[in-house]
Amino acid sequence: MTQRDASTQLPLTPAVLHILLALSGGERHGYAIAGEVDETTSGSIRMGPGTLYGSIQRMLGSGLIEEVSPKRAKDDDERRRYYRLTTFGRRVLELEVQRLDRVVRVARRKHVLGDAGAL
Amino acid sequence: MRRPSYERVYAACLRLLPDTFRERFGGEMIDFVARRLHEARRRGVFPALVERARLAVDLVTTISREWGAEWTQTDTDMPPRDNMDIFLQDLRFGVRGLLRRPGFSIVAAVTIALGIGANTAIFSVVNAVLIRPLPYHDPDRLVLIWGTQGKTNQQGVVYADYQDWRSRTHSFSELGAFRGQSVTMTGGESPERLIGDFVSASFLRVIDLKLSQGRAFTDAETEVATKGPVAVVSYEAWQNRFGGDRAMLGKPITLNGTTFTVIGITAPHTEVPLGLPDVMVPIGYYPNAHGLDRGVRGIAVAARLKPGVSYSAAQRELSTVMSQLEQEYPATNASTGAEIISLREYLVGGVRESLLIILAAVSVVLLIACANVANLQLARGAARARELSVRAALGAGRRRLAQQLLTESVLLSLVGGALGIALALVLRKTLATLIAPQLPVNEPDIRLDVPVLIFALGISMVTGLLFGLAPAWKASRTDITEMLRSRIGGGLRHGITRSTLVVVQLALSLVLLATAGLLTRSLQALQRVNPGFDGDNLLTAQFRLPVTKYNTPEKIWEMFERTTTELRSIPGVEAAALVRASPLSQNGESYPVVLEGQQPVKVGDAPMIQINSVTPGYFATMRIPVLAGRDIAATDRADAPHVIVVNKSFAERTWPGQSALGKRIQFGSEGFWTIVGVAGDTKHYILNENQLLQGYVAHAQRPQVFTSLVVRTKGNPTDFARAVREAVWRVDRDQPIWRFKSMEQDLSGVVQSKKTMMWLTGLFALVALLVAVVGVYGVLSYTVAQRTQEVGIRIALGADAGRVRRMVIGDGLRLVGVAVVVGLALSLGAGRLLRHQLFGIPATDTLTFVAVTAVLGAVALIACYVPARRASRVDPLVALRMD
């Protein structure tokens, strides 16, 4: 994968961005991803299963994440699968965060938050 | 622990996902949902409810998204945003957008509400009559079997034939005989007429009769040879006539002079085909003389098809049996047959077409409403072009914008739908009371039940999609840069779409106007039909003498003669007579006629003559002219030569150019009758029937226990009902009399159903025209507003007001012209579909088509004139300064 490929993935939808963020801390199964996103966004992004697995399917398709052969804990459900970031996925996440960072810096300079707060 | 039913439903709904997605993620999704709900339940009941709703929305949007991806083979690398988020955002935008433009929202919602309300109301009727299953066990297997004779169908059945069907056919699990006939109950304070049904035990098995008390008949009890005096009373009669007597079972009741023991009471609301009897008694007691003999079509037959047997197979078997019987009994069964008709077809076959036409008309109204709201949306879309282009510039995809607009439309139509259902609820009672008497349905059965509400919801969604698609499609195709550059985006293309929608509205309105016009003209033609008698100030009623008491022709005739005398002595009565079957009462009997000296013809090929028995003075009372010869006279007694008065049509058709007087004819099995007079033609069953061949004989020479009376009164005929009843009671204190009606009521009853249909389609046409005209006005106003600058320049260059007006009106009339051409073509098609409903006019009735075109043109012209005037008053200075 080239860097050029990675930039075509941008901008990411909130769901994809947060799934990537959740997986940046290591491999997770679907429900754990949703739980972590819920937690880190203080409940403002609460993904349903359709959104989650729809995103996962597309992210698998575009090579952002991959499935890992599971090392299950004992109480884990048979059906559960684990996912982790690919190198490409990590690259896309980095690019997106850099992009957002630039946006935030511009916004700060313009004192957007000091105004109506409507970004 | 709570039953995890939500999870099970969720799991079942996963089947709606495309296979690939479900196989890959289905298990994980179920696991996800179980855990999510488990957590939510710990937080409380309300959070759990909210979570369920979120999961449901998530699933629904996922299903549509995954199928979308499946079909388009796209989007697989474009991950979705949170569905719930998108949906809620669209919903918020939608609500906000609708509230921001209350004028538009109210007009649009009311337009949609009118369309959906009318459709829901009409569908509630269609559902009650055509869709809801009949109130019998396994109703699709229930059939009626009628006799046929030659080309005449739907005749009564010969009891002996019915018994042969029972023993010789294998297509039916059961066949039953029945014959509805009023019975006289005596023993109370005054004689009472009950609706009776003479039935076989097998008939009760065919309809699977449910009893609330007691037992049904045994086969032996209803057989002619072994009949037993037992009766089953309907639950309603038990409550109303017998005061809900707790000791009803085993009670004796006297019917037609015979004492029956009550052995059963039906379950409440029990339906019985062809009428709701108060009491059922064994068919062995059927009172008509020789009513069950071979050759006499005395009874009706209901049957239940065996599972797996088709109508046509049963019909083939029945026809085979009938041809065997024809060979075995040539004297009575020559050219007779039998036909099977499903009970539903028999009940609703006659009204299905009119109902579907009304439903079609009302759907056209909804279509027009859709086109109108789509036009309003487009106008708004043009005004919102900037808002949309800004959002597009900020990164909203075209599909996103289209989806947003569509959400708004569906939201709007759901609001309209809710209002429409409220409207339908308000209209229900009025509509049901108006329409139920003309349909095989009871008024309370026309209601807004679950299927009707599902229908309303369904058409609301479809409506929203219909009128939302055009604006959404526009939004998805519009070029952003062009939108930003021009002041009003895509004006020209919008113009064409909007004009097309207006043409559609006008053309459809014309179709409805033409339909209403054709039905109105047809009704007028029907009302102009001369029934052949004078219906003003004429009272009719009926009675049936009990055969046990009036068991000889002499007794019957004496009773009739005394009754006539008593009737004529009532103050205010001008004339009175008895007639077996009074016109428009739906009674009547016909026989194949044989002329003296004629070669015998096959029974089925002989012309049919309708025979009526009358007392002297009948023609004078009815004011039917006697055209030749003489009236039935008092001297035509039982022992005098048998005479008959025939109608003009019979005389002219049988002996063209000759006098019919003195000729002799035979009908039924009774000897020859000499024609002594020719009377005018009359209509007998319905006003639009082909003229029947008719013959009138003297009651004295053919006395039968059932008769009607006709009384010509000075003043309102129904005021005389009491006096007439008392006159009959002076002759026989135990004789009930019923069906007091003025002939006026019968005459208007005949045209009532046509009238209802005309009013309904007329109303729809009017609504359609209004909506369409508002559409024309809207489009022209919009064009004028858009062309203000151009008009201003024209006026500045010296164009006068008249010319500007003509220009705008010309624009409008071009639309109307196209609409008229399209509409007339469609109306000709609609006329063809209507042809069975029309009477006295062709489906291409020129007057109707010219008139409705003129109406549409005139109204459209007014709609054009207002914006035209506005255009001609444009101040060039103001117009040029704009921008």
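The structure presented is a predicted model; accordingly, all values stated were derived computationally and were not measured.

Calculation notes
- Residues numbered from 1 in each chain as written.
- Chains lettered and ligands numbered in written order.
- Predicted model: local features only at pLDDT ≥ 70, side-chain atom pairs only at ≥ 80, totals over all residues.
- Helix = DSSP H or I, 4+ residues; strand = E, 2+ residues; numbered from the N terminus.
- Buried ≥ 20, exposed ≤ 12 C-beta atoms within 10 Å, placed from the backbone.
- Contact = placed C-beta atoms within 7 Å.
- Core = buried A, V, L, I, M, F, W, Y, C linked by C-beta atoms within 7 Å.
- pLDDT = per-residue confidence, 0-100.
- Arc of directions from axis to C-beta.
- Pairing = 2+ DSSP bridges.
- Axes fitted to C-alpha atoms, helices over the stretch in contact; angles between N-to-C directions.
- Parallel < 35°, antiparallel > 145°, perpendicular 65-115°, else oblique.
- Nonpolar A, V, L, I, M, F, W, Y, C, P; charged D, E, K, R; others polar.
- Expected span 1.5 Å × (residues − 1).
- Bend = angle between axes of the 7 residues up to and from the residue.

K.L.:
Explain the overall build of chain B here, please?
P.N.:
From N to C terminus, chain B includes 26 helices and 22 strands. Among the 883 residues that make up chain B, the fraction classed as buried is 42%. A fraction of 82% describes how many contacts in chain B between residues 6 or more apart in sequence connect residues 24 or more apart.

K.L.:
Teacher, can you tell me more about unusual backbone geometry here?
P.N.:
In terms of backbone geometry, most residues other than glycine have negative phi values and most peptide bonds are trans. Residues and elements named next belong to chain B. Residue Ser335 is not a glycine yet carries a positive backbone phi of 45 degrees. Assignment of secondary structure puts Ser335 in the loop between α11 (330-333) and β11 (336-342). Judged by the 17 C-beta atoms lying within 10 Å of it, Ser335 is partly exposed. Despite not being glycine, Arg739 has its phi angle at roughly 55 degrees, a positive value. Examined against the element boundaries, Arg739 turns out to sit in strand β22 (residues 738-742). Overall, the presence of 15 C-beta atoms within 10 Å leaves Arg739 in the partly exposed class.

K.L.:
Before we go on, may I ask you to explain the nonpolar core in this structure?
P.N.:
Nonpolar side chains in soluble globular proteins generally cluster together in the buried interior. All names here are of chain B. With 103 residues, the main nonpolar core has Val365, Leu506, Leu510, Leu512, Phe764, Ala768 and Val776 as its most contacted residues. Broken down by element, this core gets its largest block of residues, 16 residues, from helix α22 (residues 743-786). In contact with Phe764, not counting residues within four places along its chain, are Ala118, Ala361, Val362, Val365 and Leu512.

K.L.:
Explain the confidence of the model for chain A here, please?
P.N.:
Any residue range with low pLDDT should be treated as having predicted coordinates unsuitable for detailed reading. Summing up the model confidence of chain A, the mean pLDDT is 80 and the portion of residues at 70 or higher is 81%. Note that residues 115-119 of chain A has pLDDT below 50 and, in this model, 2 contacts with residues that lie over four places away or in other chains.

K.L.:
For this particular structure, what's the right way to read helix α6 (residues 159-168) of chain B?
P.N.:
An α-helical turn contains 3.6 residues, so a residue and the one three or four places further along point in the same direction. All names here are of chain B. Considered for burial, the residues of α6 that qualify are Tyr159, Asp161, Tyr162 and Trp165. Buried residues in α6, looked at end-on, bunch into an arc of 155 degrees, giving them a common side. Considering only its buried residues, α6 is in contact with β3 (172-186), β10 (300-305) and α10 (311-328).

K.L.:
I keep staring at the pairing of strand β1 (residues 142-149) of chain B and nothing clicks. Help me out?
P.N.:
On a regular strand, one side chain projects to one face of the sheet and the next to the other, so that they alternate. Residues and elements named next belong to chain B. Summarising the sheet, β1 and β10 pair through 4 bridges and their orientation is antiparallel. Residue pairing in the sheet places Val143 in a bridge with Ala303 of β10. In terms of strand pairing, β1 meets β11 through 7 bridges, oriented antiparallel. Paired with Thr148 across the strands is Gly337, a residue of β11. Sheet topology note: the β1/strand β2 (residues 152-155) ladder contains 2 bridges and is antiparallel. Each residue of the ladder has a partner; that of Gly147, found in β2, is Gln155. Adjacent in sequence and paired antiparallel, β1 and β2 are bridged by 2 residues, among which Gly150 carries a positive phi angle near 60 degrees.

K.L.:
Mind showing me how you'd approach the packing of helix α2 (residues 14-23) of chain A against helix α4 (residues 49-61) of chain A here?
P.N.:
How two helices sit against one another is set out by the angle between their axes and by the gap between those axes. Residues and elements named next belong to chain A. Following both chains from N to C, one finds α2 and α4 inclined at 75 degrees, their axes separated by 10 Å at the closest point. As summarised for this structure, α2 and α4 are arranged roughly perpendicular, according to the angle between their axes. Contacts from Ala15, Val16 and Ile19 of α2 reach α4 at Thr51, Ser55 and Met59. By residue class, the composition of the contact of α2 with α4 is 4 nonpolar, 2 polar and no charged.

K.L.:
Where do I start with the confidence of the model for chain B in this structure?
P.N.:
When pLDDT is averaged across chain B, the result is 85; 92% of the residues are at 70 or more. Low pLDDT, under 50, characterises residues 487-492 of chain B; the stretch is placed with 13 contacts to residues that sit more than four places away or in other chains.

K.L.:
Hey, could you run me through the sheet that holds strand β3 (residues 82-85) of chain A in this one?
P.N.:
The pairing of strands in a sheet happens through backbone hydrogen bonds and is either parallel or antiparallel. Residue and element names in this part refer to chain A. Here 3 strands make up an open sheet; going across it, the order is β1-β3-β2 and the pairing antiparallel. Strands at the two margins of the open sheet, each flanked by one partner only, are β1 (28-29) and β2 (65-68). By the bridge criterion, 2 bridges tie β1 to β3 in an arrangement that is antiparallel. The residue of β3 that forms the bridge with His29 is Tyr82.

K.L.:
Can you walk me through the environment of B:Met559 in this structure?
P.N.:
Residue and element names in this part refer to chain B. Its location among the elements puts Met559 in helix α18 (residues 553-568). Note on Met559: 22 C-beta atoms within 10 Å, which makes it buried. For the pair Met559 and Val728, spaced 169 residues apart in sequence, the C-alpha separation works out to 9.2 Å. If we ignore the near neighbours within four places in the chain, the residues touching Met559 are Leu545, Tyr550, Val731 and Asp732.

K.L.:
Whenever I open this one, the environment of B:Val822 confuses me. Can you help?
P.N.:
Residue and element names in this part refer to chain B. Tracing the chain through its elements places Val822 in helix α24 (residues 801-834). Classification of Val822 as partly exposed rests on a count of 17 C-beta atoms within 10 Å. For the pair Val822 and Val504, spaced 318 residues apart in sequence, the C-alpha to C-alpha distance is 8.4 Å.

K.L.:
Looking at this structure, I do not really get helix α2 (residues 19-43) of chain B. What am I missing?
P.N.:
Residue and element names in this part refer to chain B. When the terminal C-alpha atoms of α2 are compared, their 34 Å separation across 25 residues agrees well with the 36 Å that a helix rising 1.5 Å per residue should span. Its maximal kink placed at Phe25, α2 deviates by approximately 55 degrees. Within α2, the full set of buried residues consists of Phe21, Phe25, Glu28, Met29, Asp31, Phe32, Val33 and Arg36. Phi for Gly44, located one or two positions after α2, is positive at around 135 degrees.

K.L.:
Any chance you could explain the environment of B:Gln155 here in plain terms?
P.N.:
Position of B:Gln155 among the secondary structure elements: in strand β2. Apart from residues lying up to four places away in sequence, B:Gln155 is in contact with B:Trp146, B:Gly147, B:Thr148, B:Gln149 and B:Arg297.

K.L.:
Would you mind going over the pairing of β3(B) with me for this structure?
P.N.:
Residues and elements named next belong to chain B. With 6 bridges joining them, β3 and β10 adopt antiparallel strand pairing. Bridging from a neighbouring strand, Ala177 pairs with Val301 of β10. Both β3 and strand β4 (residues 192-199) contribute to a ladder of 8 bridges, which runs antiparallel. Note on β4: the bridge partner recorded for Gly180 is Asp197. Connecting β3 to the next strand, β4, in antiparallel fashion are 5 residues, including Gly187 with a positive phi near 110 degrees. As defined by bridge partners, β3 adjoins strand β7 (residues 252-255) across 2 bridges and the pair is classed as antiparallel. For Met185, the partnering residue across the bridge sits in β7 and is Leu255.

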